[in-house]
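Listed below are the residues making up each chain.
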Amino acid sequence: MAGTEEQAAPEAAATNGHQAGQVPVENPATGEVVAHVPNLSADEVRDMAKRGRAAQPGWEALGFAGRARVMLRMQKWLLDNAERVIQTIVKETGKSWEDAQLAEISYGANAFGFWAKNAEKYLGDEKVKSSAVLVKGKKLMVRYRPLGLIGVIGPWNYPLTNSFGDCIPALMAGNSVILKPSEITPLTSMLMLEGLRECGMPENVFQVATGYGETGAALVDEVDMIMFTGSTATGKKVMQKAAETLTPVSLELGGKDPMIVLSDADLERAANAATYYSMQNSGQTCISVERVFVEEPIYDEFVAKVTEKVKAIRQGDPSGGAGTVEVGSMTFPKQVDIVEKHVNDALAKGAKALTGGHRGSGKGYYFEPTVLVDVTPEMDCMREETFGPTLPIMKVRDAEEAIRLANDSPYGLAASVFSKDVGRGEAVARRIEAGAVCVNDAMLNYSAIELPMGGWKASGLGHRHGAGGIRKYCAQQALLVSRFNMKRDLHMFPYTKKNTDRLMKAFRFLWGRGKRD
Ligand code: NDP
């Protein structure tokens, strides 16, 4: 793929045995190898970067309208090819058909339209008024210019939404982009490349650098900005490497998202939400519910409801298509070990599994949907990102204790609060240290691309979505244009007492009038 002008589509890259310089792609629901993709070297990434830089000016010159045309065609392409895209996502992630449809196809289709429509609004020249006396009468503007070549490094949990999704605003801003998908899930990204080509994207504006972590590390050296999504540990490595070249980074990292259920909550809704938002996508979502704090009076009823709902989840190979399973396999084999370690640590320290608690037997990578009670804040399952189909639930005395425990975490990505009194729910939400908090909901803020999405504390740096989600792919330029000019302004040399006194009078007039408390 690298070193040639054309990138191979997934089918073309697929072979039957392991090959040197190739990355095998497994279907985690069955353990079968379904394709191979190239493992690109640092030199190949460098060549790709050269091609991306050469292609960028032509893409920028198309303007917002020209770029939007490609994105809007791609929006249609995605829906026309939804079945094939879902099949590809399901095959490389093991997630259920509905998880692929709801959280990936619908996100992608909305995002193409959103950025096509709104990029110019966020990036058009902005006129600015100033209170500074020296610039009176001058034209002041903020202008956004694409940075050039953007590197997007993506994780395996949402190959379309999390990996490819960040490329859309970067492209709409006028940049060329190299996407390094996770080695575990590269096929969806390659399919998006195929779609963009069909929709008229000029060659090399969007490229996919498949490979292992070293390929991602090589990309950091070649680009003008890095958008990274993944673990906090790898995010730190990326930032460290980017510091060598002063390359800006935006980091979307892990979370340990708390849900607080207040005693006046609609328990049926809260239990459905806890079940869905902890188990959907096998719990492998950075903003999934990872721990629940429930006020004492409703604890038993809430736990009973959640346990019943989790027991009813159908888990298995999702290849049967729509409506067959709620929860598929896990995507990343090593993740099963992490989930098992957290569950075993909890059980060894006195917690109980009311349902689940074991890894799956047979082919594929599964962990049973699990409800844990009698957990304490010291257990791994309450402190570290589990990223699996587990739901630890803890009883708390009151909202104050829930808020304290929710905030007692190095992470601060997202959170949720449940209460029928929405005023009380919102008041609690405002005290949670997280980039996003939902009241009587969870996770849905992600689908509103108008809202900024980003983590506090160890959960990240910068935002995707909203104005900041596209401006980060640009350099800001301040423009000052003097239209009506004197030969010499009052403040210029030579300094004279008369001028200095005049300026002081002007300052007093502007800023010194009126009484102060
Ligand atoms: P990583 O953070 O290690 O990987 C994310 C991406 O970075 C992948 O494309 C990976 O490539 C790439 N990468 C790895 N090392 C480097 C490097 N030195 N420089 C540049 N890029 C690199 O995630 P993992 O897949 O290892 O998952 C580990 C943990 O991260 C999970 O257990 C989970 O807790 C969390 N996670 C969080 C996600 C989120 O959405 N916030 C998403 C996924 C995981 P490759 O895959 O080829 O190694």
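Rules of the game
Residues numbered from 1 in each chain as written. Predicted model: local features only at pLDDT ≥ 70, side-chain atom pairs only at ≥ 80, totals over all residues. Heavy atoms only, no water. Helix = DSSP H or I, 4+ residues; strand = E, 2+ residues; numbered from the N terminus. Expected span 1.5 Å × (residues − 1). Buried < 20%, exposed > 50% of the residue type's maximum accessible area, 1.4 Å probe, protein only. Arc of directions from axis to C-beta. Contact = heavy atoms within 4.5 Å. Domains from an automatic or database assignment. Buried area = accessible area lost by both parts, 1.4 Å probe. Salt bridge = Lys/Arg side-chain N within 4 Å of Asp/Glu carboxyl O. Polar contact = N/O pair within 3.5 Å; in protein donor to acceptor, adjacent residues only side chain to side chain. Nonpolar A, V, L, I, M, F, W, Y, C, P; charged D, E, K, R; others polar. Pairing = 2+ DSSP bridges. Axes fitted to C-alpha atoms, helices over the stretch in contact; angles between N-to-C directions. Phe/Tyr/Trp six-rings, centres within 6.5 Å; stacked < 30°, edge-to-face > 60°.

S.K.: Is there a simple way to think about helix α12 (residues 299–311) in this case?
M.R.: Residues separated by three or four positions in an α-helix point in the same direction, a consequence of the helix having 3.6 residues per turn. With 13 residues, α12 should reach 18 Å at 1.5 Å per residue; the first-to-last C-alpha distance of 18 Å fits that figure. Residues of α12 that are buried: Y299, F302, V303, V306, T307 and V310. Seen from one end, α12 has its buried residues packed into an arc of 130°, which puts them on one side. Relative to its buried face, α12 has exposed residues pointing more than 90 degrees away, namely D300, E308 and K311.

S.K.: How should I be thinking about unusual backbone geometry in this particular structure?
M.R.: Trans peptide bonds make up most of the peptide bonds, and negative phi angles are found at most residues other than glycine. The amide bond that connects F493 to the next residue, P494, takes the cis arrangement and shows omega of -5°. Structurally, P494 can be placed in the loop between β20 (474–481) and α18 (497–511). The phi angle at N204 is positive, at roughly 75°, despite the residue not being glycine. Residue N204 is classed as buried on the basis of its relative accessible area, which comes to 11%. A positive phi angle, close to 55°, is found at N281, a residue other than glycine. By the secondary structure assignment, N281 is in the loop between α11 (267–279) and β11 (291–295).

S.K.: Help me understand the environment of L253 in this model?
M.R.: Along the chain, L253 falls in the loop between β9 (249–252) and β10 (258–261). By relative accessible area, L253 is classed as buried at 6%. Sequence-wise, L253 and G454 are 201 residues apart; in three dimensions their C-alpha atoms are separated by 8.6 Å. The residues contacting L253, other than those within four sequence positions of it, are F228, G230, S231, T232, G235, C286, L413, A458, S459 and G460.

S.K.: What exactly am I supposed to notice about the domain arrangement of the protein here?
M.R.: In many reports, interface size means the accessible area that the parts give up when they come together. You can read the domains of the protein as domain 1 (42–253 + 466–475) and domain 2 (258–449). For domain 1 versus domain 2, the separation of C-alpha centres amounts to 30 Å. Counting residues at the interface gives 26 residues for domain 1 and 25 residues for domain 2. Together, the buried faces of domain 1 and domain 2 total about 2100 Å²; carbon and sulfur atoms form 54% of this surface. Across the contact surface, domain 1 and domain 2 share zero salt bridges. Applying the counting rule to domain 1 against domain 2 returns 13 residue pairs in polar contact (both at pLDDT 80 or more). Counting only elements with at least two residues in the side of domain 1 that touches domain 2, the list comes to α4 (82–93), α5 (97–123) and α6 (159–164). A per-element tally of the side of domain 1 that touches domain 2 places α5 first, with ten residues. Of the residues belonging to the side of domain 1 that touches domain 2, the class tally is twelve nonpolar, ten polar and four charged.

S.K.: How should the sheet that holds strand β7 (residues 206–208) be read in this particular structure?
M.R.: Each strand in a sheet pairs with another by means of backbone hydrogen bonds, the pair being arranged parallel or else antiparallel. Taken in spatial order, the six strands make up an open sheet running β7-β6-β5-β8-β9-β19, and their pairing is mixed. At either end of the open sheet lies a strand with only one pairing partner, and these are β7 and β19 (460–461). Sheet topology note: the β9/β19 ladder contains two bridges and is antiparallel. Considered in β19, the bridge of E252 is made with G460. Against the sheet, helix α2 (residues 42–61) makes contact with β5 (149–153), β6 (176–180) and β7, and its axis sits at roughly 150° relative to β6, the strand it touches most. Here helix α9 (residues 213–222) sits on the sheet in contact with β5, β6 and β8 (225–229), set at roughly 155° to β5.

S.K.: Just checking my understanding: could you explain the environment of Q335 for this structure?
M.R.: In this structure, Q335 sits in helix α13 (residues 333–348). With 51 residues separating them in the primary sequence, Q335 and T386 have C-alpha atoms 8.2 Å apart.

S.K.: I would appreciate a short explanation of the packing of aromatic side chains in the present structure.
M.R.: For any pair of aromatic rings, the description rests on two quantities: the centre-to-centre distance and the angle between the ring planes. Applying the stated criterion to the full structure yields eleven aromatic pairs. Both rings, one in W156 and one in F332, keep their centres 5.2 Å apart while their planes meet at 35°; by these two values the pair is tilted. Residue W156 is located in the loop between β5 and α6, and its partner F332 is located in the loop between α12 and α13; the two are separated by 176 residues in the primary sequence. The burial state of W156 is the same as that of F332; both residues are buried. For the pair F507 and W511, a centre-to-centre distance of 5.7 Å together with 25° between the ring planes defines the contact as stacked. Highlighted residues: F507 and W511, both in helix α18, separated by four residues, approximately one helical turn. Taking relative accessible area as the criterion, F507 reaches 28% and is therefore assigned partly exposed.

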